[in-house]
Amino acid sequence: MTGRSSTPEPEPAHGPVREPGRQRALRAARQALRVLAVELGTPTEPGTPLLGSVRSSWLRHLPYVVAFGFAVSLLPTTINVLSHDYGLDGGLSGALATAQTVPLLLAVTRPLQAWWVIFAADVIGALALTGADGVADRAWPWPPTGIVGYLALMLALSLRERRRTLTAVWLTTGVAGLLSQVFAPDGSKSTWVLMFVLTGVVLMMGATLRERGDAQRKLIEQETISEAERARRTLLEERARIARELHDVVAHHMSVITVQAASAPYRISGIPREAEEEFGSIAATARESLAEMRRLLGVLRSEEAVRHDGPEKTPQPGIAMLPKLVEGTVRAGVPVELALPEETVALEPAVDLSAYRIVQEALANVVRHAPGAPTRVSVTPAADGARLTVLVVNSAPSAPSAPLETTGTGHGLIGMRERVRLVDGSLDTGPLPDGGFRVAAQLPLPPPPYPASSLSAKDSHPA
């Protein structure tokens, strides 16, 4: 025997369940009221004017003009309606009209605070109209002037506040109108449903316009950031490409210096020991410089190997290879006329490579954006021998044809400018009046060496 009573205990099925349910409902109601109070008491960006971030000056002043127009027109109208139509006392009519219209000026910078003032004035005005003589057969609790001013306020509010705050304002307006029916005067025409519907429509339209504007502004900002990042990435890629090409040029000359310095004692007889040691020092320094350059450009060479299964082994091109480049462009359907100097021009390797790459990119742009356009390429040294002019000019296509690319990334122009800047030259690009395009680069030429006869004359006639 356990001593337990055989009488069954009552089942806690119905009684205890109802109490927690009521508690949950009360807790949910308190939480909803708390959220409502927080939303109605926390304005967004107080003090910031509506449309204050737009660039146009007249758009920035437009909210002030609209608010002033509503306040100036509604104030005397509201006083006249309350005192003459509804029969309210003149002093009370003036006070209520002022409280219902003047805060519209505040709505430009603080719409939520203005709502508190106007909403309280509208509620007090509705209660004051219950004792007025002319309320029968007239709109109540919101007179027509009160509806117009309230809707103007809703527009300002929707352009500033969050959706949760707008929902709280809308529900508060509806609850106030619904509760006002308890005090509705006999014979009055209820306007709370109309006010509730119109308020919701204006708030929804204003919030939609604001969110659409925010989305467009963020999209423009993102496009601006993306374009800046794309330009920066293009510049880095072009610099890496130039570095790889210059590596080949410089490495060749450094290798030649190393070999000449190391083999000089064996090729030239009778060299003093001091000169032999100097040649050895030159060769060692050249080898160290070459090794250091290869280490610094190791990452670039690694990327090149990944993309091309090994480093480039072909020699770097120059203006001597322009006829072959033009021939390939002509086969692509672009008539190109090439003009090169009659005499061979001595160019530094970096300048020679830059001249070829500028022509190559300019012709590629013609193929992409103006297929079939007659083009002229000229490489001309200046009369004083200080500059080399590289000019690529294309006119508008003779026959209308759709470009292969309607929008460009600007990578080619970025690469041209970087190459010209590298060799201390200048670049001028731009459209032509006939619809064509011009690319003009000025590249420096090395100073001419002294003639052998001049050196002999100087040696034979010392000063």
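One can find the structure itself at the top, above this paragraph.
The following refers to the structure shown. (Residues numbered from 1 in each chain as written. Predicted model: local features only at pLDDT ≥ 70, side-chain atom pairs only at ≥ 80, totals over all residues. Heavy atoms only, no water.)

Packed helices, taken two at a time, are described by the angle between their axes plus the distance between the axes. Close contact between helix H2 (residues 57-85) and helix H5 (residues 144-158) brings their axes to 9 Å; oriented N to C, the two are set at 155 degrees. The pairing of H2 with H5 is recorded here as roughly antiparallel in orientation. Considering only the axes of H2 and H5, their crossing is left-handed. Contact residues: H2 offers Phe-70, Leu-74, Thr-77, Thr-78 and Val-81, while H5 offers Thr-145, Val-148, Gly-149 and Ala-152. Grouping the constituent residues of the contact of H2 with H5 by class yields five nonpolar, four polar and no charged. (Axes fitted to C-alpha atoms, helices over the stretch in contact; angles between N-to-C directions. Helix = DSSP H or I, 4+ residues; strand = E, 2+ residues; numbered from the N terminus. Parallel < 35°, antiparallel > 145°, perpendicular 65-115°, else oblique. Left-handed = near helix turned anticlockwise from the far one by under 90°. Contact = heavy atoms within 4.5 Å. Nonpolar A, V, L, I, M, F, W, Y, C, P; charged D, E, K, R; others polar.)

End to end, H2 covers 41 Å across 29 residues, agreeing with the expected 42 Å (1.5 Å per residue, within 8%). Maximal helix bending in H2 amounts to about 30 degrees, located at Pro-63. By the burial criterion, the buried members of H2 are Pro-63, Ala-67, Ala-71, Leu-74, Thr-78, Val-81, Leu-82 and Ser-83. Looking at the buried residues of H2, the elements they touch are helix H3 (90-101), helix H4 (111-129) and H5. Remark: Gly-87 follows H2 within two positions and exhibits a positive phi of approximately 75 degrees. (Expected span 1.5 Å × (residues − 1). Bend = angle between axes of the 7 residues up to and from the residue. Buried < 20%, exposed > 50% of the residue type's maximum accessible area, 1.4 Å probe, protein only.)

Counting across every chain of the model gives eight salt bridges. Residue Glu-39 is joined to Arg-164 by a salt bridge in which the shortest nitrogen-to-oxygen separation is 3.6 Å. With Glu-39 in helix H1 (residues 15-41) and Arg-164 in helix H6 (residues 163-180), the pair connects residues that are 125 residues apart, well separated along the chain. It is possible to trace a salt-bridge network through shared partners that takes in Glu-39, Arg-162 and Arg-164. (Salt bridge = Lys/Arg side-chain N within 4 Å of Asp/Glu carboxyl O.)

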